[in-house]
Amino acid sequence: MPLLELRQVTRRFGDFTAVDHVDLAIDAGEFFTLLGPSGCGKTTLLRMIAGFEQPDEGQVLLDGVDLADSPPEARPVRTVFQSYALFPHMSVEGNVAFPLQMAKTPAREIPKRVAEALEDVRLTGFGRRYPHELSGGQRQRVAIARALVTHPTMLLLDEPLAALDAKLREEMQIELINLQKQAGITFVYVTHDQTEALALSHRIAVMNRGNVEQVDEPSKVYRFPKSRFVADFIGQCNLFSGTVAARDGGIVSIAVDALGTVRVATPSTIAPGTRASIALRPEQIRIGASQGDTASDNRFRGTVSDLLYMGDVTVYRVRTDGGAEVEALLANSQTGRAKFFEPGDAVEMDWPAAAGHFIED
Ligand SMILES: Nc1ncnc2c1ncn2[C@@H]1O[C@H](COP(=O)(O)OP(=O)(O)O)[C@@H](O)[C@H]1O
Ligand SMILES: [Mg+2]
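Within any chain, residue numbers begin from 1 and follow the written order of that chain's sequence. As they are written, the chains are lettered A onward and the ligands numbered 1 onward, keeping that order. Where totals are concerned, whole chains, interfaces and linings use all residues; where local detail is concerned, this predicted model gives features only for residues with pLDDT of at least 70, and gives and counts side-chain atom pairs only at 80 or more.

Caption draft 1: Quick look at the packing of helix α2 (residues 92-102) against helix α3 (residues 110-120). Note on geometry: axes are C-alpha line fits, over the in-contact stretch for helices, and angles between N-to-C directions span 0 to 180 degrees. Strands here mean DSSP runs of E at least two residues long; helices mean DSSP runs of H or I at least four residues long; both are numbered from the N terminus. The geometry of α2 relative to α3 is characterised by a closest axis approach of 9 Å and an angle of 120° between their N-to-C directions. In terms of crossing hand, the pair formed by α2 and α3 is right-handed. Facing E93, V96, A97 and L100 of α2, the residues of α3 in contact are I110, R113, V114, A117 and L118. Polar here means any residue outside two lists: the nonpolar Ala, Val, Leu, Ile, Met, Phe, Trp, Tyr, Cys and Pro, and the charged Asp, Glu, Lys and Arg; Gly therefore counts as polar. Its residues assigned to classes, the contact of α2 with α3 comprises 7 nonpolar, no polar and 2 charged. Note: crossing handedness is left-handed where the near helix turns anticlockwise from the far helix by less than a right angle, and right-handed where it turns clockwise. With C-beta atoms placed from the backbone, a contact is any residue pair whose C-beta atoms sit within 7 Å.

Caption draft 2: Representation of the site of ligand 1 within the structure. Here is the check we use: build the C-beta atom from the backbone, and if it is within 6 Å of the molecule or strand, call the residue near. What surrounds ligand 1 is the set F13, A18, G36, S38, G39, C40, G41, K42, T43 and T44. Looking at the shell around ligand 1, the element that brings in the most residues is helix α1 (residues 42-50), giving 3 residues. Taken together, the residues that form the shell around ligand 1 break down as 3 nonpolar, 6 polar and 1 charged.

Caption draft 3: Region of the structure containing the nonpolar core. Ranked by size, the top nonpolar core spans 92 residues in total, and within it I49, V96, A145, L155 and V188 carry the most contacts. Of all the elements, helix α4 (residues 136-148) adds the most residues to this core, at 6 residues. Reported domain spans reflect what an automatic or database domain assignment gives. Both domains that meet at this core, namely domain 1 (4-232) and domain 2 (236-360), each give it at least three residues. When residues no more than four places from it in sequence are discounted, the contact partners of V96 are V114, A117, L118, V142, A145, R146 and V149. The term nonpolar core refers to a set of buried Ala, Val, Leu, Ile, Met, Phe, Trp, Tyr and Cys residues connected through C-beta atoms within 7 Å. The exposure scheme places C-beta atoms from the backbone and then counts, for each residue, the other C-beta atoms within 10 Å of its own, assigning buried at 20 or more, exposed at 12 or fewer, and partly exposed in between.

Caption draft 4: Structural detail: the environment of L308. In this structure, L308 sits in strand β16 (residues 298-309). Among the residues examined, L308 registers 12 C-beta atoms within 10 Å and is labelled exposed. Along the sequence, L308 and S277 sit 31 residues apart, while their C-alpha atoms lie 25 Å from each other.

Caption draft 5: Region of the structure containing the sheet that holds strand β11 (residues 238-248). The antiparallel open sheet is built from 5 strands, whose spatial order is β13-β12-β11-β14-β20. Every interior strand has two partners, whereas the edge strands, β13 (260-265) and β20 (357-360), have only one. Ignoring strand direction, the axes of neighbouring strands in this sheet form an average angle of 45°. Strands are labelled as partners when DSSP assigns at least two bridges between them. Of the strand pairs in this sheet, β11 and strand β14 (residues 275-280) are connected by 6 bridges, and their pairing is antiparallel.

Caption draft 6: Geometry of unusual backbone geometry. Despite not being glycine, H21 has its phi angle at roughly 50°, a positive value. The residue H21 is located in strand β2 (residues 16-26) in this model. One non-glycine residue, K104, lies in positive phi territory at about 55°. Take K104: it is sitting in the loop between α2 and α3. Judged by C-beta crowding, with 7 C-beta atoms within 10 Å, K104 ranks as exposed.

Caption draft 7: Main features of the pairing of β13. Pairing geometry for strand β12 (residues 251-256) and β13, over 6 bridges, is antiparallel. Within the sheet, the bridge partner assigned to V256 lies in β13 and is G260. If you look at the hairpin formed by β12 and β13, you'll find 3 residues sitting between the two strands, and A258 has a positive phi there, around 70°.

The analysis is restricted to geometry; functional conclusions fall outside its scope.
What follows is the structure, given as structure tokens:
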């Protein structure tokens, strides 16, 4: 049985549906992420799990028990909010002790529990400080210590790193992974940042307009997106749309506007004439000076129109002879050169049928 189960959970504000018949099953010990653009319903869904918000339809079950009648404080669930929501006039110790006092933990047990929680987040020795005397990362760790001190079954985290700068965010990500592993507590994590979701999660639910479009491991979401939305939202992706022209074994040919015939592997049986898309990651494309002679499933000529030098890699935007825009990515590391091509250079791109991912429209 999953630890947490959502069945057809729906929440409306007036005639606007913020969360639309969502089904999810989250296992004990998982680092599970709700990922999607701003406004897609992540926070609303999290608030229904916490009990701050009631579903208009559907059920939230924990260990198979419907939580409809449990107020937030009765649920073995704690939330870490976007803003840390620490009490500014209380010391770190005071902040972390607060939920224990609310839970009527015997006073003599409290100092030990607080010390353990601070140790978990590597803040031993910071107990007497006040929130304004801490860095953003430290404040976030206090917020997590405060959430963990009552040993909840599940921790809900709503964009907890959004306010931190890039370097600190990466440090905190590693810390969260370790903390989750150590504590063995189930995390339900909310973010709009796909890189963060891919880095942290065991599984990701990709949300769009109140719906869950795909639930999968990070590598599957990245490599096998179920919809155009998922392909587009997760990382950079070329999306070619067209009509299925022919099928030959496990490979279909799709007539893509402005590009030409693109061959892609797919296990599904699909009738000619059907509209479909191909998702192709820029790093799957081989790009070279225009003179390819080896056989390839897909080969297109074009001209570099733009490039984006990103340090470790360069993204080349190539305009094909037919007028299609394709993005290809090359690692810069191996040659020690900053770039291989300049705008205006003629190039040839190729990729095997297995590199693309077939999406039924
Ligand atoms: N209390 C509310 N009243 C009216 N609309 C709301 C309320 N809470 C959220 N919404 C709307 O529901 C949608 C989803 O919001 P939210 O769950 O906060 O999205 P996310 O966390 O993914 O950015 C948004 O369009 C938001 O404006
Ligand atoms: Mg939100």
